[in-house]
Amino acid sequence: MKSAVLAAAMFVAGVLLMSADSGRADSRLTGMATVMGTCQKLVIAGQDRSLECTGRLLNTDYDDRRTGFYFILLNGGVITFSNRGDLEERAGPDKRVAPVDLVIIGQYPNKKIDRVPAKGRCRYGNLFKGRPSLIECSADSELGRFEATFLSNGEKPELKTF
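These numbers come from a predicted model, not from an experiment.

**A short note on the packing of aromatic side chains**
Part 1 of the argument: Inspection of the entire model under this criterion finds two aromatic pairs.
Part 2 of the argument: Geometrically, the ring pair formed by Phe 71 and Phe 81 is edge-to-face, given 5.7 Å between the ring centres and 85° between the ring planes. Within this pair, whereas Phe 71 is found in strand β4 (residues 66-73), its partner Phe 81 is found in strand β5 (residues 78-84), the two being separated by 10 residues in sequence. As far as burial versus exposure is concerned, Phe 71 and Phe 81 are alike and both buried.

Shown next as structure tokens:
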């Protein structure tokens, strides 16, 4: 079991390293927050996969200003709603809206990664306030609709900088 978890974690790390899509081959992961909580909804290409979603969410930052919300599946797969962080808008004192232009599908164990142009948005609150915060993402693509809703547990995310 530990080896399967480790293999899935390594796959997620690979998706993280390959997720920047600005045309720059040297885009670099600069920060990652790990958020714990409850995945309330996950729809992948129009199919409800909510029961496969884990209680761990990643939020990343790259040096080319791309960011992403990574919803992790029980089998180690990842669905990422990706955007340009510099295009985020304030929707209130502790609320942000980020336009989504790309959904990244990381399939495990076959280690396949698909980048799907999409149009949508992620809405989220301040994860560092010490109370539960909702992250909601949705996007439409040629493959269908992608949606995810995650409620943090209110604990501050674990931060890593690179």
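**Re the state of the cysteines**
Part 1 of the argument: Summed over the entire model, instances satisfying the criterion amount to two disulfides.
Part 2 of the argument: A sulfur-sulfur distance of 2.1 Å marks the disulfide that ties Cys 39 to Cys 53. Its S-S torsion of approximately 90° makes the covalent link between Cys 39 and Cys 53 right-handed. With Cys 39 in strand β1 (residues 29-44) and Cys 53 in strand β3 (residues 53-62), this residue pair connects regions lying 14 residues apart in the sequence.
Part 3 of the argument: Cys 39 sits in the buried class, given a relative accessible area of 12%.
Part 4 of the argument: Using a relative accessible area of 11% as the deciding quantity, one classes Cys 53 as buried.
Part 5 of the argument: The disulfide that involves Cys 122 links it to Cys 137, with 2.0 Å between the sulfurs. What sets the handedness of the Cys 122 and Cys 137 disulfide is the S-S torsion sign, and at about 115° it is right-handed. Of this pair, Cys 122 sits in strand β8 (residues 112-125) while Cys 137 is found in strand β9 (residues 134-141), placing the two residues 15 residues apart along the sequence.

**What to know about the pairing of β5**
Part 1 of the argument: Counting buried residues along β5, six of its seven residues qualify, which places the element largely inside the surrounding structure.
Part 2 of the argument: Sheet analysis places β4 next to β5, joined by seven bridges and oriented antiparallel. From the neighbouring strand, Tyr 70 faces β5, where its bridge partner is Thr 80.
Part 3 of the argument: From the end of β4 to the start of β5, which pair antiparallel, there are four residues, and Gly 76 there has a positive phi angle of about 95°.

Scoring rules and cut-offs
Residues take numbers from 1 onward in each chain, read along the sequence in its written order. Owing to the predicted nature of the model, reporting of local features is limited to residues with pLDDT of at least 70; listing and counting of side-chain atom pairs is limited to 80 or more, with chain, interface and lining totals taken over all residues. In computing side-chain properties, one takes all heavy atoms of the structure into account and sets aside hydrogens as well as water. Put simply, two rings from Phe, Tyr or Trp (the six-membered ring, in Trp's case) pair if the centres are within 6.5 Å, and we call them stacked under 30 degrees between planes, edge-to-face over 60, tilted for the rest. Under the scheme used here, helices are H or I runs from DSSP no shorter than 4 residues and strands are E runs no shorter than 2 residues, and both carry numbers assigned from the N terminus. Here's how the labels work: a residue is buried when its accessible area is under 20% of the maximum for its type, exposed when over 50%, partly exposed in between, all with a 1.4 Å probe on protein chains only. Any cysteine sulfur atom paired with another within 2.5 Å is treated as part of a disulfide. The criterion for strand pairing is that DSSP finds at least two bridges linking the strands in question.

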